[in-house]
Amino acid sequence: MGTDYKTASWSEYRYYPNKGAAVLFIVLFALATGFHVYKMFRTRTWFFIAFVIGGCFEWIGYIGRVINSTQSPNWTLGPYIIQSLLLLLAPALFAASMYMMLGRIILLVDGDSHSIIKRRFLTKIFVSGDVTCFLLQGAGGGIQSTGKTNPSNVKLGEDVILGGLLVQVIVFALFIVTGIIFHLRLSKMPTAASQSMPWRSHMYVLYATNTLIMIRSVFRVIEYAMGNNGYLLRNEVFLYVFDAVLMLAVMLVYIWKYPSEIAELLHKKRRGGEEAGQVMMEDLGEPHRLETPRKER
């Protein structure tokens, strides 16, 4: 095949994928995901299910890169599509759990009046935006993968993915603004419930992880705007620095500050006979009885 992959109008890779780097991140993401699975079931923090699925997308995606690394430069399409789509989509799943987390913080502090988007709509709006991004990026990846047989689909696929990424950046930026405004308003006019809950520490964790995901999303926008033969897609190191490392950092931040405390506080509020007894599971679109988290030993 020679150097055709460097000069073709479209190619799965513009470099030989590094097997060692991919294996390293398979191990790291699998370990981080395993911890989150353990914590989620132990504390019954069910709103982090999407986050766990995102972690699975990450390590499975890098398996696709390992498979392709053994085929260079005669890459097969299946593993390429797996790694391309799953690594693109994983952050949207991380974000979905963050949307639900903010909604539960608002519930715990009785802070609905401080949010520019009412709690009962907050998760629905942002998760709907996430689903739109998810579908656009998935469709774009599928279209782009046919580039070898139909070169005209290359640009179309890139444009669809870019559109999905732009929607993701806009939705996530709105979410960040919503969180900041809520934080500022609650700081100025604390509610009675906010006095007994360490809500600020969870908001700071949201800001940290939001920043990481936003940096990664902006990188992906620039990457796809430059095209399949652009500088960023010609150099594998950028994928690891601005995607793999940042998304692993998101998972590690939540290992350090796992939101099981939020689930526990919601349970206590339910036992007190307040609103949390019938927590609206916005992601399911219907009321759902909150399970009792198991206490940490």
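None of these values were measured; they are calculated from a predicted model. (Residues numbered from 1 in each chain as written. Predicted model: local features only at pLDDT ≥ 70, side-chain atom pairs only at ≥ 80, totals over all residues. Heavy atoms only, no water.)

Observations concerning the UniProt feature "transmembrane region" (unreviewed entry) in the protein chain
Working step 1: Mapped onto this numbering, the UniProt entry gives "transmembrane region" (unreviewed entry) at residues 20-38, 45-64, 84-109, 121-140, 160-184, 204-222 and 237-256.
Working step 2: Structurally, residues 20-38 is divided into 100% helix and 0% strand, and its ends, taken at the C-alpha atoms, are 27 Å apart. (UniProt positions renumbered as here; feature names shortened; annotations may be inferred. Helix = DSSP H or I, 4+ residues; strand = E, 2+ residues; numbered from the N terminus.)

Here's the deal with the pattern of salt bridges
Working step 1: Following the criterion strictly, the structure yields four salt bridges and no others.
Working step 2: Between Glu223 and Arg220 there is a salt bridge, with its nearest N and O atoms 2.7 Å apart. Linking Glu223 with Arg220, this pair stays in helix α7 (residues 199-225), spanning three residues, or about one helical turn.
Working step 3: On the basis of relative accessible area, Glu223 is assigned to the buried category, the value being 3%.
Working step 4: A salt bridge links Arg220 to Asp243; the nearest nitrogen and oxygen atoms lie 2.9 Å apart. (Salt bridge = Lys/Arg side-chain N within 4 Å of Asp/Glu carboxyl O. Buried < 20%, exposed > 50% of the residue type's maximum accessible area, 1.4 Å probe, protein only.)

Description of a positive patch on the surface
Working step 1: Side chains of Lys118, Arg120, Lys124 and Arg185 sit close together on the surface and give a patch of like positive charge.
Working step 2: Along the chain, Arg120 turns up in helix α5 (residues 119-144).
Working step 3: The class for Arg120 is partly exposed, based on a relative accessible area of 47%. (Patch = residues over 30% accessible without salt bridge, like charges linked within 9 Å, V, L, I, M, F, W, Y side chains within 5 Å. Areas by Shrake-Rupley, 256 points an atom, 1.4 Å probe, with all protein chains shown as cover. Lys, Arg positive; Asp, Glu negative; His and termini not counted. Charge placed at Lys NZ, Arg CZ, Asp CG, Glu CD.)

Quick look at the packing of aromatic side chains
Working step 1: On inspection of all chains with the given rule, the structure shows 26 aromatic pairs.
Working step 2: Seen in terms of ring centroids, Tyr13 and Tyr80 are 5.5 Å apart; in terms of plane orientation they differ by 85°. Their pairing is edge-to-face. Linking Tyr13 in the loop between α1 (4-7) and α2 (19-43) with Tyr80 in helix α4 (residues 77-108), this pair joins segments that are 67 residues apart in sequence.
Working step 3: We classify Tyr80 as buried; its relative accessible area is 6%.
Working step 4: Taken together, a centroid distance of 5.2 Å and an interplanar angle of 75° make the contact between Phe48 and Tyr254 edge-to-face. Of the two residues, Phe48 sits in the loop between α2 and α3 (49-69) while Tyr254 sits in helix α9 (residues 237-256), which places them 206 residues apart along the sequence.
Working step 5: Note on Phe48: relative accessible area 0%, which makes it buried. (Phe/Tyr/Trp six-rings, centres within 6.5 Å; stacked < 30°, edge-to-face > 60°.)

A closer look at the packing of α4 against α9
Working step 1: Across the interface, α4 lies against α9 with an axial gap of 11 Å and an inter-helix angle of 30°. By the angle between their directions, the pair α4 and α9 is classed as roughly parallel. In this structure, α4 meets α9 at a crossing whose hand is left-handed. For the pair α4 and α9, the contacting residues are Leu87, Pro91, Phe94, Met98 and Met101 in the first and Asp243, Met247, Val250, Met251 and Tyr254 in the second.
Working step 2: Across the contact of α4 with α9, the residue classes break down as nine nonpolar, no polar and one charged. (Axes fitted to C-alpha atoms, helices over the stretch in contact; angles between N-to-C directions. Parallel < 35°, antiparallel > 145°, perpendicular 65-115°, else oblique. Left-handed = near helix turned anticlockwise from the far one by under 90°. Contact = heavy atoms within 4.5 Å. Nonpolar A, V, L, I, M, F, W, Y, C, P; charged D, E, K, R; others polar.)

What to know about α9
Working step 1: The first and last C-alpha atoms of α9 sit 27 Å apart over 20 residues, in line with the 28 Å expected at 1.5 Å per residue.
Working step 2: Looking at α9, one finds that the buried residues are Phe238, Leu239, Tyr240, Asp243, Ala244, Leu246, Met247, Leu248, Val250, Met251, Val253 and Tyr254.
Working step 3: For α9, the secondary structure elements touched by its buried residues are α2, α3, α4, α7 and α8 (231-234). (Expected span 1.5 Å × (residues − 1).)

A word on the nonpolar core
Working step 1: Grouped together as the largest cluster of nonpolar side chains are 70 residues, with contacts concentrated most on Met98, Ile105, Val250 and Tyr254.
Working step 2: Looking at this core, the elements with two or more residues in it are α2, α3, α4, α5, α6 (152-188), α7, α9 and α10 (260-271).
Working step 3: With 18 residues, α4 is the single largest residue contributor to this core.
Working step 4: Those residues in contact with Tyr254, other than ones at most four positions away along the chain, are His36, Phe48, Phe51, Met98, Met101, Val205, Leu206, Thr209 and Pro259. (Core = buried A, V, L, I, M, F, W, Y, C linked by side-chain atoms within 4.5 Å.)

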